[in-house]
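The primary structure of each chain is shown beneath.
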Amino acid sequence: MSERRERERAYAAEGVVWSRLAGLLPGAEDVAEVQGCWDIGEQEAGLFRLVDRLFELGLSVDDRTRAELAAMAEQWGVWDQLATDIVDLPGFEGRLRVVEGLEPVDGADGLALVPWMRCEPCGRVLALEHRRESWGSLSFSPVSYVVSVPDGSGTQHVLDAEGAGAVWRALDMVTTPCRKAE
């Protein structure tokens, strides 16, 4: 499949998730506003509105929905601004934990891993891999998503963050083994 087609497919799949997330809001007006942000290409504004309304209404979200909100925020470059709110949304945190504010773990070649999500039953961890800048801070955007598998061999799956749908593939790599086992 061509890169363009793959990006179109990934965008369409993301649109389905967006619509499901917008549908969390009980009012048709709120749903239309958030969906309208997607339709006009204002995803960042739509995410802020969605998370704000979820808080204002005290709506509970499950762990998978919280992870999808985190992935969507990461995809659209606002995870750093919405992280605390997404993590603090009311609701059950069970099988899949989304975290923020953990210390990065420095690795080779000036890269650092920041733990982001963990599947509690199987222990898989999804981390954001950032470049350590010359002044010591981490790059704004991750260069890759790293899924660590607790199989004793140190298995890690690394997905280039620039790849079409990479954040969604990484999320699936963390959760699919446990979902299939159910």
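Residues numbered from 1 in each chain as written. Predicted model: local features only at pLDDT ≥ 70, side-chain atom pairs only at ≥ 80, totals over all residues. Heavy atoms only, no water.

Asks: What should I look at first to understand the overall build of the chain in this one?
Replies: A count of helices and strands for the chain gives six helices and six strands. Over its C-alpha atoms the chain spans a radius of gyration of 17 Å, differing by no more than 12% from the 16 Å that the globule rule assigns to 182 residues. Overall size of the chain, expressed as C-alpha extent along the three principal axes, is 50 × 40 × 35 Å. Put simply, the chain has 182 residues, and 41% of those count as buried. Contacts in the chain between residues far apart in sequence, at least 24 positions, make up 49% of those at least 6 positions apart. With the model as given, the accessible surface of the chain reaches about 9,400 Å², and the carbon-plus-sulfur share is 52%. (Helix = DSSP H or I, 4+ residues; strand = E, 2+ residues; numbered from the N terminus. Rg over C-alpha atoms; globule rule 2.2 N^0.38 Å. Buried < 20%, exposed > 50% of the residue type's maximum accessible area, 1.4 Å probe, protein only. Contact = heavy atoms within 4.5 Å. Areas by Shrake-Rupley, 256 points an atom, 1.4 Å probe, with all protein chains shown as cover.)

Asks: I tried to follow the pattern of salt bridges on my own but got confused; where do I start?
Replies: Scanning the entire structure with this criterion turns up 13 salt bridges. A salt bridge links Glu33 to Arg49, with the shortest nitrogen-to-oxygen separation between them at 3.2 Å. One end of the pair, Glu33, is in helix H2 (residues 28–39); the other, Arg49, is in helix H3 (residues 43–57), and 16 residues separate them in sequence. Look at Arg49 and you get partly exposed, because its relative accessible area is 26%. Residues Arg64 and Glu68 are paired through a salt bridge, measuring 3.4 Å at the closest nitrogen-oxygen approach. (Salt bridge = Lys/Arg side-chain N within 4 Å of Asp/Glu carboxyl O.)

Asks: Please clarify how the nonpolar core should be interpreted in this entry.
Replies: A general tendency of soluble globular proteins is for nonpolar side chains to be buried together. Ranked by size, the top nonpolar core spans 44 residues in total, and within it Trp79, Ile86, Val98, Trp116, Met117, Leu126 and Tyr145 carry the most contacts. For this core, the element with the most residues is helix H6 (residues 166–181), which contributes seven residues. Contacts of Met117, omitting those with residues within four sequence positions, involve Ala67, Ala70, Ala71, Leu96, Arg97, Val98, Arg124, Val125, Leu126 and Leu171. (Core = buried A, V, L, I, M, F, W, Y, C linked by side-chain atoms within 4.5 Å.)

Asks: I'm lost on H2 in this one. Help?
Replies: For an α-helix the count is 3.6 residues per turn, leaving residues at separations of three or four pointing the same way. Spanning twelve residues, H2 covers 16 Å between terminal C-alpha atoms, matching the ideal 16 Å at 1.5 Å per step. Three or more residues of H2 are buried, namely Asp30, Val34, Gln35, Cys37 and Trp38. The arc that holds every buried residue of H2, seen down its axis, measures 145 degrees, which confines them to one face. Structural note: H2 exposes Ala28, Glu29 and Asp39 on the side pointing more than 90 degrees away from its buried face. Among the structural elements, helix H1 (3–22) and H3 are those in contact with the buried residues of H2. Backbone geometry just downstream of H2 places Gly41 in the positive-phi region, at approximately 80 degrees. (Expected span 1.5 Å × (residues − 1). Arc of directions from axis to C-beta.)

Asks: Just to check I follow, could you spell out the packing of aromatic side chains for this structure?
Replies: Any two aromatic rings considered together are summarised by their centre-to-centre distance and by the angle between their planes. Evaluation of the coordinates by the stated rule reveals five aromatic pairs. Centroid distance Tyr11 to Trp38: 4.7 Å. Interplanar angle 20 degrees. Geometry classified as stacked. Of this pair, Tyr11 sits in helix H1 while Trp38 sits in helix H2, placing them 27 residues apart in sequence. Its relative accessible area of 37% is what places Tyr11 among the partly exposed residues. Ring geometry for Trp18 against Trp38: centres 5.2 Å apart, planes inclined by 40 degrees, an arrangement best described as tilted. One end of the pair, Trp18, is in helix H1; the other, Trp38, is in helix H2, with 20 residues separating them in the sequence. Overall, Trp38 belongs to the buried group, its relative accessible area being 8%. Aromatic ring contacts, followed pair by pair, group Tyr11, Trp18, Trp38 and Trp76 into a single cluster. (Phe/Tyr/Trp six-rings, centres within 6.5 Å; stacked < 30°, edge-to-face > 60°.)

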